[in-house]
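Examining the three-dimensional arrangement
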Amino acid sequence: MSAVEILRTEKGGARRLATRQEQVELVCIGACLAAILLASVLLTACPPGVAVVSLEFDDTLANQFSARSILAEHRMHATFFVNSGRLDRPGYLTVAQLRALASDGHEIGGHSIDHARLPGLPAREQRRQICDDRRALLALGFDVSNFAYPAGDHDSVSAELVRSCGYDSARRAGGLGLPPCLFCARAETIPPRDPMVTRTPGSLRSGHHLPGIQALVGRAQQDGGWIQLTFHHVCDACQDYSISREDLSTLLGWLAGEREAGRAVVLTVRQVIRGVRGTERQPSKRTRVPAAGRSTGR
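What this report covers is the structure whose coordinates are included nearby. (Residues numbered from 1 in each chain as written. Predicted model: local features only at pLDDT ≥ 70, side-chain atom pairs only at ≥ 80, totals over all residues. Heavy atoms only, no water.)

With that out of the way, let us pick up the environment of Gly 253. When you line up the elements, Gly 253 lands in helix α7 (residues 245-260). In this structure Gly 253 comes out as partly exposed when scored by relative accessible area, which is 31%. Each C-alpha atom, one on Gly 253 and one on Ile 70, is 9.4 Å from the other, the two residues being 183 residues apart in sequence. (Helix = DSSP H or I, 4+ residues; strand = E, 2+ residues; numbered from the N terminus. Buried < 20%, exposed > 50% of the residue type's maximum accessible area, 1.4 Å probe, protein only.)

Set out below in structure tokens:
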């Protein structure tokens, strides 16, 4: 019997072919089941009601090291996006501090050599900023597989260079709607719609008070998805792009409660990109970085 037949036994025991309407319904049911199966595969770690949260720190800032004890207290790991040319300079993280963070299980990512705005630069200079930064961090012994565009700025050239330099993903600034936008995307998908331009609510500032940050996570929980929380300075109102140690501790305490309740999962960017539920794929074999001129990063 063909696939378009519906086997039914009527009073006389005869079987009949499905009507056109029933055939349409059957196709629709099959499509729905396929969509449900696909969604369950792609979003295994974040069904509706659950958000996957990544805590991220940009720019290699020295005061970010104070987040180490707060993260440890709440048993959470973060991703630190690093400018290799800033390491060991006044006001920035040292190589020793970065190694201490990595030894705790935190991810180290690339962020260009010296935080150059990539769009508008010649392709050769963009390649140097992206590829030489990764090469310098790899030479220091860090497993570097994800990138964040400085200030979130990117173009098609920088996105392609990030891919060719061996990165698995790159993060932009923006792309997700902030409250009260009702019809904007609330979270990035897993896997991301475009791994070379992953979407975020943008960098968090001192004006984003705790209820506002919690609301971002809450929006991601509605449909299930990935929300990246991007921090810079960890200090008491020292900069516009800052969060105090007290507020960071309070936020992570709240996230820990959401985690215990099954409403949130806290993962590094690598864990999200390579596989959720705490099991990663084998490390990327794309460790070679194309030549881009002499490296100035450390």
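That shown, we press on.
Let us look at the pairing of strand β2 (residues 79-82). Here β2 shows two buried faces, one formed by Thr 79 and Phe 81 and the other by Phe 80 and Val 82. With three bridges joining them, strand β1 (residues 51-58) and β2 adopt parallel strand pairing. When the bridges of β2 are listed, Phe 57 appears paired with Phe 80. Note on the crossover from β1 through helix α2 (residues 67-73) to β2: the handedness is right-handed. (Pairing = 2+ DSSP bridges. Right-handed = clockwise from strand over helix to strand, strands pointing away.)

Another point: helix α4 (residues 123-139). Taking 1.5 Å per residue as the helical rise, α4 with its 17 residues ought to reach 24 Å, and the 23 Å between its terminal C-alpha atoms agrees with that figure. Where α4 is concerned, the buried positions are Gln 126, Arg 128, Gln 129, Ile 130, Cys 131, Asp 132, Asp 133, Arg 134, Ala 136 and Leu 137. Summarising the contacts, the buried residues of α4 are in contact with β2, α3 (95-103), β3 (107-110), β4 (146-148) and α5 (156-164). Remark: Gly 141 follows α4 within two positions and exhibits a positive phi of approximately 95°. (Expected span 1.5 Å × (residues − 1). Contact = heavy atoms within 4.5 Å.)

Another aspect to go through is the pattern of salt bridges. In this structure the tally under the stated criterion is 14 salt bridges. For Glu 260, the salt bridge is made with Arg 75, and the minimal N-O distance between the two is 3.6 Å. You can see Glu 260 sitting in helix α7 and its partner Arg 75 sitting in the loop between α2 and β2, a full 185 residues away along the chain. Exposure remark for Arg 75: the relative accessible area of 60% places this residue in the exposed category. With a closest N to O distance of 2.6 Å, Asp 132 and Arg 135 form a salt bridge. With Asp 132 and Arg 135 both in helix α4 and three residues apart, this pair spans about one turn of that helix. Within this structure, Glu 56, Asp 58 and Arg 171 form a network of salt bridges that share partners. (Salt bridge = Lys/Arg side-chain N within 4 Å of Asp/Glu carboxyl O.)

When we look at a pair of aromatic rings, we describe it by the centre distance and by the angle of the planes. Following the criterion strictly, the structure yields four aromatic pairs and no others. Each ring, one from Phe 57 and one from Phe 80, has its centre 5.0 Å from the other, and the planes form 15°; the classification is stacked. One end of the pair, Phe 57, is in strand β1; the other, Phe 80, is in strand β2, with 23 residues separating them in the sequence. For the pair formed by Phe 57 and Phe 80, the shared burial category is buried. An angle of 80° between the planes, with centres 5.6 Å apart, marks the rings of Phe 147 and Tyr 149 as edge-to-face. The same class applies to Phe 147 as to Tyr 149, namely buried. (Phe/Tyr/Trp six-rings, centres within 6.5 Å; stacked < 30°, edge-to-face > 60°.)

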